[in-house]
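# Structural characterization, general
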Amino acid sequence: MSKKEKLSVEDQALFRGLMSGTRKLAQDTIVHKPPRKKVSEVPQKRLLSEQMDASHYFSDEFQPLLANEGPVRYVRSDVSHYELKKLRRGDYTPEIFLDLHGLTQQQAKQELGALIAACRREHIFCASVMHGHGKHILKQQTPLWLAQHPWVTAFHQAPKLFGGDAALLVLIEVEEWTPPELP
């Protein structure tokens, strides 16, 4: 029945008769979102400490074994290769983005460390790291650094939607979130 068609007087009377003795229900469904602390609530000293702790894994001398052909990809040995397929297809949507354009290698390492620490603190599973094309320095180094970090479970060249070959989608191992106990 379209909105333009009006109910006849008989149908309206029938409806009112059927609905007599009922009352309108109040909507009582409440959706609770998990509480997330804002980054601004974390003391600056702790943020710097986390950033330094997470970035000390990055070495310029170590060369992890990565695939030479095809898109840039990596999966930790204890993680299913199916995760790479899901990253490639774009099944994961990054919740946080890091843009490394214009940074030096040292600054990029520090920012990657800060990103990984923030993802663990905020329980963010998937992140996007945009290294760009440029002189290919960060494009070559970023995967090598990420493959060294123990909390990085997998990464793959991003789908076109998230930057294509100028970005990486990174899966980060996060601790299981447990709701706080109620008093």
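For the structure itself, consult the block above.
Residues numbered from 1 in each chain as written. Predicted model: local features only at pLDDT ≥ 70, side-chain atom pairs only at ≥ 80, totals over all residues. Heavy atoms only, no water.

### So, the overall build of the chain
Counting its secondary structure elements, the chain contains 5 helices and 5 strands. Taken from N to C terminus, the helices and strands of the chain fall in the order α-α-β-α-β-α-β-α-β-β. Counting all 183 residues of the chain, 37% fall into the buried class. Sequence separation of at least 24 residues holds for 73% of the intrachain contacts in the chain that already meet a minimum separation of 6. For the chain, the exposed surface amounts to about 13000 Å²; the carbon and sulfur share of it is 55%. (Helix = DSSP H or I, 4+ residues; strand = E, 2+ residues; numbered from the N terminus. Buried < 20%, exposed > 50% of the residue type's maximum accessible area, 1.4 Å probe, protein only. Contact = heavy atoms within 4.5 Å. Areas by Shrake-Rupley, 256 points an atom, 1.4 Å probe, with all protein chains shown as cover.)

### Comments concerning the sheet that holds strand 1 (residues 73-75)
The strand order 1-4-5-3-2 describes an open sheet built from 5 strands, whose pairing is mixed. Only two strands of the sheet have a single partner each, and these edge strands are strand 1 and strand 2 (96-99). Along the sheet, successive strands turn relative to each other by an average axial angle of 20°, direction set aside. When strand 2 meets strand 3 (residues 126-130), the two strands line up parallel, connected through 4 bridges. What sits directly across from Ile-96, in strand 3, is Ala-127. On the sheet, helix 3 (residues 82-89) packs against strand 1, strand 4 (152-157) and strand 5 (167-172) and is oriented at approximately 40° with respect to strand 4. (Pairing = 2+ DSSP bridges. Axes fitted to C-alpha atoms, helices over the stretch in contact; angles between N-to-C directions.)

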